[in-house]
Amino acid sequence: MGQKIQKIGLDVGEDRLATDLQKYQEKAIEMGATRAKIVRTDEIPVDDRVTMKCQIPICFGYGVGANCPPHTVKPAELRALLEKYQWAVFFVQEIPSAVVVRDKATIKERVAAYQDVYKIVNGIESAAFYDGHYLAFGFGAGSCRHTFCGQQEDCAVLKGTKCRFSLRSRPSMEAVGIDVYRMVASAGWDIYPIGSDAKPDDVPCGVLAGIVIVR
Ligand code: SF4
């Protein structure tokens, strides 16, 4: 930890909240994010068509992990939850295009890059929790089934036992219906559609994203 844990207060002043949000934005960069920004929760686009894309065409992560559709939070549930929050910290991490495209030769680097996104989400979420924003929660990128349990036969949660990585795994932004492409483009940042048959030379880089809903 290395920081004094704050007493829980009923209200947090605007100055204190602004300072904390700034701190989390900086923390994202310190932890390896390429870009980070503070966003209002009403700027987060939650669209049912995003999770429709988990099913059509069916994603390799669909139904095989507790943090992916149809098992995780639904877009309508997230929209209702976000109405109770005002501020979030959003970040992206650029990775080489050779790492992001689906190629068995780079699977180790790809898994490590996705794990890095979760580390940043976990770091900010934990800092927010200990600062007294105890209802903070975050989303990563991709599928925890492949990012954390790729060497396992199954998802432990779907078998009725506890998650092997409960403090690290989260749903991805896209798994709960957040339109990540739109959010990145709205921030003025670059992102490219990278499908199953994309080749490294087709795109300048890959972009992974994460978000922590703070308060
Ligand atoms: S056990 Fe593995 S696949 Fe299942 S929710 Fe946890 S991290 Fe994800």
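Before any of the text, the structure's been laid out above.
Residues numbered from 1 in each chain as written. Predicted model: local features only at pLDDT ≥ 70, side-chain atom pairs only at ≥ 80, totals over all residues.

With respect to the environment of glutamate 30
No. 1: Its location among the elements puts glutamate 30 in helix α1 (residues 14-30).
No. 2: For the pair glutamate 30 and isoleucine 120, spaced 90 residues apart in the sequence, the C-alpha separation amounts to 9.2 Å. (Helix = DSSP H or I, 4+ residues; strand = E, 2+ residues; numbered from the N terminus.)

Points about the nonpolar core
No. 1: Counting residues in hydrophobic clusters, the biggest one holds 44 residues, and the most contacted among them are Val89, Phe91, Ile178, Leu208, Val212 and Val214.
No. 2: Listing elements by their share of this core, those giving two or more residues are α1, α2 (48-55), β2 (87-96), α5 (107-130), α7 (180-186) and β4 (205-213).
No. 3: Ranked by residues supplied to this core, first place goes to α5 with eight residues.
No. 4: The contact partners of valine 89, leaving out residues within four places of it in the chain, are Leu21, Tyr24, Gln25, Ala28, Ala36, Ile38, Ile124, Val212 and Val214. (Core = buried A, V, L, I, M, F, W, Y, C linked by C-beta atoms within 7 Å. Buried ≥ 20, exposed ≤ 12 C-beta atoms within 10 Å, placed from the backbone. Contact = placed C-beta atoms within 7 Å.)

Some details on the environment of arginine 35
No. 1: Assignment of secondary structure puts arginine 35 in strand β1 (residues 35-40).
No. 2: Taking the C-alpha atoms as reference points, arginine 35 and alanine 187, 152 residues apart in sequence, are found 9.9 Å from one another.
No. 3: Ignoring anything within four residues of it in the chain, the contact list for arginine 35 reads Phe91, Val92 and Trp189.

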